Amino acid sequence: MPTYHRLPDQPVPGAVIVKLYRSDGQVRGYVRKVTDASEDDTIFPGEEMGPEDALKLAKTHSLGAAPIYVELAEGVEWDPNWGATTG
């Protein structure tokens, strides 16, 4: 089972962030990669997707080395079926 980390105040450059939020009564997500403070983060892709798809996309963009952080918007609770979380 994959393990994800709660989003810290200062994520490291190269980290991948999955933001989960509610849209039309469903949990949706998007993925972004943290860049240097002088640049804007990279967002993959610009469309909404389900949480499972967003977490899979994050895994591919982390290349197995970068941490994957999860940001839960207000009203979204972590579903243990998505994996484990720390922090």
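Novice: What am I meant to see in the overall build of the chain here?
Specialist: Within the chain one finds one helix and six strands. Counted from the first residue to the last, the chain has its helices and strands arranged as β-β-β-β-α-β-β. In the chain, the proportion of contacts linking residues at least 24 apart, taken out of those at least 6 apart, comes to 56%. Accessible area for the chain stands at about 5,400 Å²; split by element, carbon and sulfur atoms hold 48% of it.

Novice: Any chance you could explain the nonpolar core here in plain terms?
Specialist: Side chains of nonpolar character tend, in soluble globular proteins, to be buried together. If you look at the biggest cluster of nonpolar residues, it comprises 15 residues, and the most contacted ones within it are Val-18, Leu-20, Leu-55 and Trp-78. Sorting the residues of this core by element identifies β2 (16–23), β3 (26–33), α1 (51–62) and β5 (68–72) as the ones contributing at least two each. Discounting residues that sit within four places of it in the chain, Val-18 has contacts with Tyr-30, Val-31, Ala-54, Leu-55, Ala-58, Ile-68, Tyr-69, Val-70 and Glu-71.

Novice: What is the right way to look at the pairing of strand β1 (residues 3–6) in this model?
Specialist: On a regular strand, one side chain projects to one face of the sheet and the next to the other, so that they alternate. Bridge analysis of β1 against strand β6 (residues 84–86) gives three bridges, and the strand direction is parallel. Across the sheet, the residue bridging to Thr-3 is Ala-84, located in β6. One ladder, built from two bridges, connects β1 with β5; its direction is parallel. Directly across from Arg-6, in β5, lies its bridge partner Val-70.

Novice: Explanation requested: the packing of aromatic side chains in the structure shown.
Specialist: Aromatic ring pairs are defined here through the distance separating the ring centres and the angle between the ring planes. Per the counting criterion, the structure on display carries three aromatic pairs. A centroid spacing of 6.2 Å and a plane angle of 55 degrees characterise the contact between Tyr-21 and Tyr-30, whose relative ring orientation is tilted. With 5.1 Å between their ring centres and 85 degrees between their planes, Trp-78 and Trp-82 make a pair best called edge-to-face. Taking relative accessible area as the criterion, Trp-78 reaches 16% and is therefore assigned buried. An aromatic cluster is built from Tyr-4, Trp-78 and Trp-82, whose rings are joined through pairwise contacts.

The rules behind each value
- Residues numbered from 1 in each chain as written.
- Predicted model: local features only at pLDDT ≥ 70, side-chain atom pairs only at ≥ 80, totals over all residues.
- Heavy atoms only, no water.
- Helix = DSSP H or I, 4+ residues; strand = E, 2+ residues; numbered from the N terminus.
- Contact = heavy atoms within 4.5 Å.
- Areas by Shrake-Rupley, 256 points an atom, 1.4 Å probe, with all protein chains shown as cover.
- Core = buried A, V, L, I, M, F, W, Y, C linked by side-chain atoms within 4.5 Å.
- Buried < 20%, exposed > 50% of the residue type's maximum accessible area, 1.4 Å probe, protein only.
- Pairing = 2+ DSSP bridges.
- Phe/Tyr/Trp six-rings, centres within 6.5 Å; stacked < 30°, edge-to-face > 60°.

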